[in-house]
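Residue-level listing of the chains:
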Number of protein chains: 2
Amino acid sequence: MSENPYAILFEPVQIGPVTAPNRFYQVPHCNGMGYRLPQSLAAMRGVKAEGGWGVVCTEETEIHYTSDLSPSMEGRLWDDGDIPNMARMTEAVHAHGALAGVELVYSGQHARNFNTRAVAFGVDSFSVPEYFPAQTRMADKEDLRTLRRWHRNAAIRAKQAGFDIIYTYAAHRLSLPMFMLLSRYNTRTDEYGGSLQNRVRFLRELLEDTLEAVGDTCAVALRLAVDELLGEDGLTRDGEGKEIVAMLAELPDLWDVNVSDWSNDSGPSRFMKEGYQEQYISFVKGLTSKPVVGVGRYTSPEAMVSAVQQGVMDLIGSARPSIADPFLPEKIRTGQVEDIRECIGCNICASADNVGVPIRCTQNPTMGEEWRRSWHPERIPAAKKAEKAVLVVGGGPAGLECARALGQRGYQVTLTEARRELGGRVQLEADLPGLQEWRRVADWRLTQIEKLPNVEVYPGSEMTAEDVREAGFEDVIVATGARWRRDGVGRSLRSPIPGHAWKEVYTPDDLMAGADREVAGVNREVAGRLPQGRVVVFDDDHYYMGSVLAELLVGAGCEVTLVTPAPQIALWSQYTLEQPHILRRMKQLGVTMLPNTTLAEIEPGAVRLHNTLHAKDTGWMCDGVVLVTNRISNDGLYRDLRGEVGTTFNSLRVIGDAEAPNIIAQAVFSGHLAAQEFEEDVTGDAPNFRRE
Amino acid sequence: MSENPYAILFEPVQIGPVTAPNRFYQVPHCNGMGYRLPQSLAAMRGVKAEGGWGVVCTEETEIHYTSDLSPSMEGRLWDDGDIPNMARMTEAVHAHGALAGVELVYSGQHARNFNTRAVAFGVDSFSVPEYFPAQTRMADKEDLRTLRRWHRNAAIRAKQAGFDIIYTYAAHRLSLPMFMLLSRYNTRTDEYGGSLQNRVRFLRELLEDTLEAVGDTCAVALRLAVDELLGEDGLTRDGEGKEIVAMLAELPDLWDVNVSDWSNDSGPSRFMKEGYQEQYISFVKGLTSKPVVGVGRYTSPEAMVSAVQQGVMDLIGSARPSIADPFLPEKIRTGQVEDIRECIGCNICASADNVGVPIRCTQNPTMGEEWRRSWHPERIPAAKKAEKAVLVVGGGPAGLECARALGQRGYQVTLTEARRELGGRVQLEADLPGLQEWRRVADWRLTQIEKLPNVEVYPGSEMTAEDVREAGFEDVIVATGARWRRDGVGRSLRSPIPGHAWKEVYTPDDLMAGADREVAGVNREVAGRLPQGRVVVFDDDHYYMGSVLAELLVGAGCEVTLVTPAPQIALWSQYTLEQPHILRRMKQLGVTMLPNTTLAEIEPGAVRLHNTLHAKDTGWMCDGVVLVTNRISNDGLYRDLRGEVGTTFNSLRVIGDAEAPNIIAQAVFSGHLAAQEFEEDVTGDAPNFRRE
């Protein structure tokens, strides 16, 4: 260890009555499993501890049934019956010498109580989330005493479940203690409202209660939002955010500080880069002698060391990087820094929780699959017949992961790619504004493949069906990706848009192609140049691409109108927490946004827009149109070869976008699945994963 | 039975190899429990059978893991491991002599496979639902053979689980067989595309497979959408909808026919009345000798008898009326027609499934609570001390249900209501356009209370704290409702809107008050008249009220602008399937709809609107403003008395909107819960329901 330049990261840290074995701290994060899938959850958390995280925390854990976050799946400590479930997690974490932390939550106005049908206590009588037309009950002083009892009892249950660190939660605008702090929400006239001293009272009481109840053996942590990034409208690092820290400075055993709300704390990489929270949280250590944990999507050990050495934080908090690479600490410890599978900040992990399904990760296809498929982020079953040669056609995210994982298993793998550059869509998209980190999906896999002597890579090698036959492989995996449609057909329009053949109609492929770049499916006439002047971007994809291209075009001097049939701009990006950032960016760039609008017709120099809300048509002058609609699988090769399984080929499988266009995370998963299932009998009809 | 005027409804009906004991047929309906809560589900279905439904069906039941509807909770028959779960339901249904039906579903493009991460087969490569940027894989002919095998095997598993009726599902635009039928989706060039004969081929094959596999002992049903209410753009009763029925006329053992999509099939009462599907489905019986089941939210036995006698259907299909009153058949059989708890068509039941939580019902607070709380729609535990006298203050939905259920338990109940009319908000809202059926919430309870000699009702009796003390009750329940705010504070605005004191600013209470009606919290100066001319309705409630008032005002000659801070009009009503109808209605009425817009300021004769998408302000001339924002609990009485528990009072409880404003279903539930828990020790912190 003494020679490790990052040795400081492996120093133990005292936290109240417990000691973290190192500075790697997995802060609480949701995962879509929660109380429902305790075995899956324990296995996932256990892998983090195995990978070297010194502290591994839960997700939000409901302390009482009046704080029911259904349909989201979070932790539960409603009563003693929940202790065994939670204990599975602490046991899995302790097995690897790490500490287990639990984030106790009373949601207040953030709970809809859809399952329990209970009334939630609120600071006042507030609207509950997601437009459900219901309000909380204003907690009077007697109710607050009741709440304190619930919180205290949950802390005792948490201790019984084996937790070492027990949180009070006042962050993300997701809990009653935080709403108490905020003057714009706290309208109370009793001793819990008015002055900041009063607004802090309830939080202080919860901390004191917890310390008194379990502080003898458990550390008591406070997770606090110190800045809401709302300027004067909210908490700020040099305003009340700072004052709160000063008031409570020595009370908790640990400060876990961040920015609010969740979309800022888990800032998407398109908008927020490594270490982005330092400027907001660096003041905290100056106000307390207690250890501080902060986050900032750290993946580079240099940045971590710097954050510690500069006194920004004592513990490197991490949610997303620990999801993308549960073995990040261990890789730093053993000098395998280049092997870190770096988080790309796409927030697909968050989308799973937001949708209400188990967590997944673009970079780490094993995330969430630890229990049900017995997948491990670092280990994979050895090949049954290591001499077996496999051809993987296509070096995008699916093909790269498949070739890498097959190589890791020990097979003789040949990977071919039509383009000179490997990476497929992630490599192309990484050149678009803000998406640089997408490249990490390819980079990590290429780094790993280089170390595998049994994997050979042939870029610039387009394969026809005849080429594949001649290559003589018995087992072939087709990962040839997809291309964007150029006729406007997609989710909203089932027939081609009249006039889509106009020469100034572009697809995302055209815009990504660049002058000297080969991209399948581009219009050679327009490749290498962008539309000019007034451009209409028609977004029937509803994720990031439409707004990214709008940004590209504004940067190139275009006047952009972003049209979408959905009622919201980039609707699906709300699940990845990108949407508020996208809306802000589009506004800043002066992009005209037209939701509830379809593209009825294109003619040279204009489009006809149809507003579906009011059933009105509008002519709209433009010099170019970009169609971001459906994609078409490049599955010709697969279809050509499919009939030859059992004759020319022993096995043939199509994966990734070539099978069905989907998000990048699915392509990586698909490639990994194909590698895991290679030589396995997967023709059975039953799912080949376990169910809880 | 011979004297029962509805005897025809109790005739047995042969369905292939099985016999339904009567004509009451609970068609498949979702419930938010599905595979996750098998005990809750079996208990709920069992109560329906107990209540006299001759056939009780499942919800959508996934035949394979590539048809994974997560995060929705539906049935599963993925493999043999799912049989025991499903068998719980068939056993519960058989225990009461009813038949059990299962709706086998392969979703195709309707499945996102968020849990299984599998690729779904589609008719073509289509976008999956809810704007998730992924597509299906086009099923080629080999894939279709695989799909048939999956469907057939699921049918065999269904038979093993004890089902008597096994469905093929081609309705609601939720399954691959339906997408196959539709020319606007089916773009295939093989023998499954093109002519209607070809597009019907797959459905025919599934039916033939199922008959061959299980038809010896099970009836094979086809659930088909015969009209999509899209005119020439979709299936119609006199176009292809009819042709499909003609082509397959004698193939299934049972025709279950309806209109599509779900928002039309489960048409909200505001837009669609009892029997609304008859005009679309009446042709079916003319084309087949097999029994036909149809739906139409039937709650009156006369309409049911008429539907049978006129040859519209053989079996009275029901989802919602069977939820509102599981004992509807039994009440008709025993001549207790006035006791039927009639569905109000609010679709809160559907919202639960759409949100992803267990089913609930406005009229029937026991729905979904059969297992976990041991509640029964007809029975309730007897009072411990029947001589105990209870005062219920407030005769809205919460107070009425509480008084009724306490009365049913045997307590001596006194119910007081300030207004001369009973019913509270349901009675007021029932006079608004389309909401007539809300009145059923009060009507049913008043009918029941009339039969209870131990419940006394005092309308026109406002109670002050002093009145309550003087009345001398030891146990008091406060159900005094809520009133709409008149300052604009709510979900979006935390401070009063400047200028809200303008005399032409109205609340929903003002508009509902009418000239001769007392309503708490109204502005006496405006009560009894409506605003005139140009009116801005500011909807920060996001449910039905904003659009209902817009409709009221257009009817009164106003020119209405509906403004909402949400990105969608009536956003929450999407979960109750009302939103598409609301948008259509607003469009028809010429209402200008402005989503993404807040009300920044009011001045006499104008408002300043702020568009949040583009951060732009607009002046907007108007003669009146209606604020539909938050509500304020009328909890003064409760707060006044709260300190006297243990002295003046033995117990005091606040329920319904007086505790926390919420939807009507929650008020009824709250009243029922208070009645069930009366005299119980509920001070414990743990939830007092069982968990699976």
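Undergrad: Tell me what's going on with the overall build of chain A, and back it up with residues and numbers.
TA: Looking only at helices and strands, chain A features 21 helices and 28 strands. By its C-alpha atoms, chain A is 75 × 65 × 50 Å across when sized along the principal axes. Out of the 692 residues in chain A, the part that is buried amounts to 68%. A separation of at least 24 residues holds for 71% of the contacts in chain A among residues at least 6 apart in sequence. By element, 47% of the accessible surface of chain A is carried by carbon and sulfur atoms, the whole surface being about 21,900 Å². Of the side-chain charges in chain A, 72 are positive and 95 negative, and the distance between the mean point of each set is 3 Å.

Undergrad: Outline the side chain of B:Thr236, supporting the account with residue identities and numerical values.
TA: Positionally, B:Thr236 belongs in the loop between strand 10 (219–227) and helix 6 (240–247). Beyond its immediate chain neighbours, meaning those up to four positions away, B:Thr236 contacts B:Val226, B:Asp227, B:Gly231, B:Gly241 and B:Lys242.

Undergrad: A description of the state of the cysteines should follow, citing residues and the corresponding values.
TA: Within this structure, the stated rule accounts for zero disulfides over all chains. Note on B:Cys346: no disulfide assigned, nearest cysteine sulfur contributed by B:Cys349 at a separation of 6.5 Å.

Undergrad: Explain the confidence of the model for chain A residue by residue, including any values.
TA: Per-residue confidence for chain A averages 96 on the pLDDT scale, and 99% of its residues sit at or above 70. Here the predicted complex carries an ipTM of 0.96, next to a pTM of 0.97.

Undergrad: I'd love a proper account of the environment of A:Thr597, names of residues and values included.
TA: All names here are of chain A. Examined against the element boundaries, Thr597 turns out to sit in strand 23 (residues 597–603). Between the C-alpha atom of Thr597 and that of Lys388, which follows or precedes it by 209 residues, the distance is 53 Å. Within polar-contact distance, the side chain of Thr597 engages the backbone oxygen of Leu594 at 3.4 Å.

Undergrad: With reference to specific residues and values, describe the domain arrangement of chain A.
TA: Residues and elements named next belong to chain A. According to the domain assignment, chain A contains domain 1 (7–354), domain 2 (389–481 + 634–677) and domain 3 (486–632). When each unit is reduced to the centre of its C-alpha atoms, the spacing between domain 1 and domain 2 is 40 Å. In this assembly, 14 residues from domain 1 lie in contact with 15 residues from domain 2. The junction of domain 1 with domain 2 conceals about 1,200 Å² of combined surface from both sides, 54% of it contributed by carbon and sulfur atoms. Residues Arg297 and Glu437 are paired through a salt bridge, measuring 2.8 Å at the closest nitrogen-oxygen approach. Counting the contacts that link domain 1 with domain 2 gives six residue pairs in polar contact (both at pLDDT 80 or more).

Undergrad: Now, about helix 21 (residues 664–677) of chain B: what can you tell me, with residues and values included?
TA: All names here are of chain B. The terminal C-alpha atoms of helix 21, which comprises 14 residues, lie 20 Å apart, in line with the 20 Å expected from a rise of 1.5 Å per residue. Buried residues dominate helix 21, accounting for 14 of its 14 residues. One or two residues past the end of helix 21 sits Glu679, with phi positive at roughly 70 degrees.

Undergrad: Describe the interface of chain B and chain A, and please don't skip the residues or the numbers.
TA: Listed by partner, the interface residues are 91 residues for chain B and 92 residues for chain A. When the two sides are added together, the surface that chain B and chain A hide from each other amounts to roughly 7,900 Å², 48% of it contributed by carbon and sulfur. Ranking the residues of chain B by area buried against chain A places B:Arg117, B:Tyr131 and B:Asp685 at the top, with a combined share of 12%. Inspection of the chain B/chain A interface yields 18 salt bridges. A salt bridge links A:Arg639 to B:Asp140; its shortest N-O distance comes to 2.8 Å. The interface formed by chain B and chain A contains 52 residue pairs in polar contact (both at pLDDT 80 or more). Put simply, the parts of the chain that give the side of chain B that touches chain A at least two residues each are strand 8 (137–138), helix 3 (141–160), helix 19 (579–588), strand 22 (592–594), helix 20 (636–642) and helix 21 of chain B. Looking at the side of chain B that touches chain A element by element, the count peaks at five residues for helix 3 of chain B. When the residues that make up the side of chain B that touches chain A are grouped by side-chain class, the tally is 43 nonpolar, 22 polar and 26 charged.

Undergrad: Just give me the short version of the packing of helix 13 (residues 397–409) of chain A against helix 21 (residues 664–677) of chain A, but keep the residues and values in it.
TA: Residues and elements named next belong to chain A. The interhelical angle for the contact between helix 13 and helix 21, taken along N-to-C directions, is 30 degrees, at an axis separation of 7 Å. Here helix 13 lies roughly parallel to helix 21, going by the angle between them. When the axes of helix 13 and helix 21 are compared, the crossing they make is right-handed. Between helix 13 and helix 21, the residues in contact are Pro397, Ala398, Glu401, Cys402, Arg404, Ala405, Leu406 and Arg409 and Ile664, Ala667, Val668, Gly671, His672, Ala674, Ala675, Gln676 and Glu677, respectively. Partitioned by chemical class, the residues of the contact of helix 13 with helix 21 number ten nonpolar, three polar and four charged.

Undergrad: Describe in detail the pattern of salt bridges, supporting the description with residues and values.
TA: All told, the structure shown has 128 salt bridges over all chains when counted by the stated rule. Between A:Glu369 and A:Arg373 there is a salt bridge, and its shortest N-O distance comes to 2.8 Å. Here the two residues A:Glu369 and A:Arg373 agree in accessibility, since each one is buried. Its salt-bridge partner being B:Glu466, residue B:Arg469 comes within 3.0 Å of it at the nearest N-O pair. Of this pair, B:Arg469 and B:Glu466 both sit in helix 16 (residues 465–471), three residues apart, which is roughly one turn of the helix. Exposure remark for B:Glu466: the relative accessible area of 41% places this residue in the partly exposed category. Connected through shared salt-bridge partners, A:Arg137, A:Asp140, A:Glu142, A:Asp143, B:Asp635, B:Arg639, B:Arg642 and B:Glu659 make up one network.

Undergrad: Requested: an account of the relation of the copies chain B and chain A, with residues and values cited.
TA: For the match of chain B to chain A, the screw axis carries a shift of 0.0 Å, the RMSD comes to 0.0 Å, and the turn is 180 degrees. Read as a symmetry element, the transformation amounts to a two-fold axis. Distance from the rotation axis, computed per C-alpha, reaches its smallest value in chain B at B:Pro567: 3.2 Å. Taken together, the interface assignments show that 100% of the residues at the interface of chain B recur at the interface of chain A, consistent with an identical surface on both copies.

Undergrad: Lay out the environment of A:Glu692 with the relevant residues and their values.
TA: Residue and element names in this part refer to chain A. Locating Glu692 in the fold gives a position in the segment after helix 21. On the basis of relative accessible area, Glu692 is assigned to the partly exposed category, the value being 37%. With 320 residues separating them along the chain, Glu692 and Arg372 place their C-alpha atoms 8.2 Å apart. If we skip the residues at most four places from it in the chain, Glu692 touches Arg36, Leu37, Pro38, Gln39, Ser40 and Trp371. Here the side chain of Glu692 touches Gln39 through a polar contact of 3.0 Å, landing on its backbone nitrogen. Among the polar contacts listed, one links the side chain of Glu692 to the backbone nitrogen of Ser40, at a separation of 2.6 Å.

Undergrad: Explain helix 13 (residues 397–409) of chain B to me, using residue names and the numbers behind them.
TA: Residue and element names in this part refer to chain B. Between the first and last C-alpha of helix 13 there are 18 Å, a value that for 13 residues agrees with the 18 Å anticipated at 1.5 Å per step. For helix 13, a buried count of twelve out of 13 residues is recorded, marking the element as mostly surrounded by other parts of the structure. Pro397, Ala398, Gly399, Leu400, Glu401, Cys402, Ala403, Arg404, Ala405, Leu406, Gly407 and Arg409 are the residues of helix 13 that are buried. At the exit of helix 13 stands Gly410, carrying a positive phi of roughly 115 degrees.

Undergrad: Please provide a residue-by-residue account of the sheet that holds strand 22 of chain B, values included.
TA: All names here are of chain B. Strand order in this open sheet of five strands is 19-26-20-21-22, and the pairing throughout is parallel. The sheet is open, and its two borders are formed by strand 19 (505–506) and strand 22, each paired with just one other strand. As paired elements, strand 21 (residues 559–563) and strand 22 share three bridges and run parallel to each other. Looking across to strand 22, one finds that Thr561 is bridged to Thr592.

Undergrad: Any details on the packing of aromatic side chains? Residues and values, ideally.
TA: Summed over all chains, the structure comprises 36 aromatic pairs over all chains. On the numbers, 5.3 Å between centres and 85 degrees between planes, the contact of A:Tyr543 with A:Trp572 is edge-to-face. Of this pair, A:Tyr543 sits in the loop between strand 20 (534–539) and helix 18 (545–555) while A:Trp572 sits in the loop between strand 21 (559–563) and helix 19 (579–588), and the two are 29 residues apart along the sequence. As far as the burial class goes, A:Tyr543 and A:Trp572 line up, both buried. Ring plane angle 35 degrees and centroid distance 6.1 Å describe the contact between B:Tyr106 and B:Trp150, whose orientation is recorded as tilted. Of this pair, B:Tyr106 sits in the loop between strand 6 (99–105) and strand 7 (121–122) while B:Trp150 sits in helix 3, and the two are 44 residues apart along the sequence. Residue B:Tyr106 is classed as buried on the basis of its relative accessible area of 4%. For B:Trp150, a relative accessible area of 7% gives the class buried. Members of the aromatic cluster, joined through ring pairs, are A:Phe114, A:Phe132, B:Trp438, B:Tyr543, B:Tyr544, B:Trp572 and B:Tyr575.

Thresholds applied
- Residues numbered from 1 in each chain as written.
- Chains lettered and ligands numbered in written order.
- Predicted model: local features only at pLDDT ≥ 70, side-chain atom pairs only at ≥ 80, totals over all residues.
- Heavy atoms only, no water.
- Helix = DSSP H or I, 4+ residues; strand = E, 2+ residues; numbered from the N terminus.
- Buried < 20%, exposed > 50% of the residue type's maximum accessible area, 1.4 Å probe, protein only.
- Contact = heavy atoms within 4.5 Å.
- Areas by Shrake-Rupley, 256 points an atom, 1.4 Å probe, with all protein chains shown as cover.
- Lys, Arg positive; Asp, Glu negative; His and termini not counted.
- Charge placed at Lys NZ, Arg CZ, Asp CG, Glu CD.
- Disulfide = S-S within 2.5 Å.
- pLDDT = per-residue confidence, 0-100.
- Polar contact = N/O pair within 3.5 Å; in protein donor to acceptor, adjacent residues only side chain to side chain.
- Domains from an automatic or database assignment.
- Buried area = accessible area lost by both parts, 1.4 Å probe.
- Salt bridge = Lys/Arg side-chain N within 4 Å of Asp/Glu carboxyl O.
- Expected span 1.5 Å × (residues − 1).
- Nonpolar A, V, L, I, M, F, W, Y, C, P; charged D, E, K, R; others polar.
- Axes fitted to C-alpha atoms, helices over the stretch in contact; angles between N-to-C directions.
- Parallel < 35°, antiparallel > 145°, perpendicular 65-115°, else oblique.
- Left-handed = near helix turned anticlockwise from the far one by under 90°.
- Least-squares fit on C-alpha atoms with pLDDT ≥ 70 in both.
- Pairing = 2+ DSSP bridges.
- Phe/Tyr/Trp six-rings, centres within 6.5 Å; stacked < 30°, edge-to-face > 60°.

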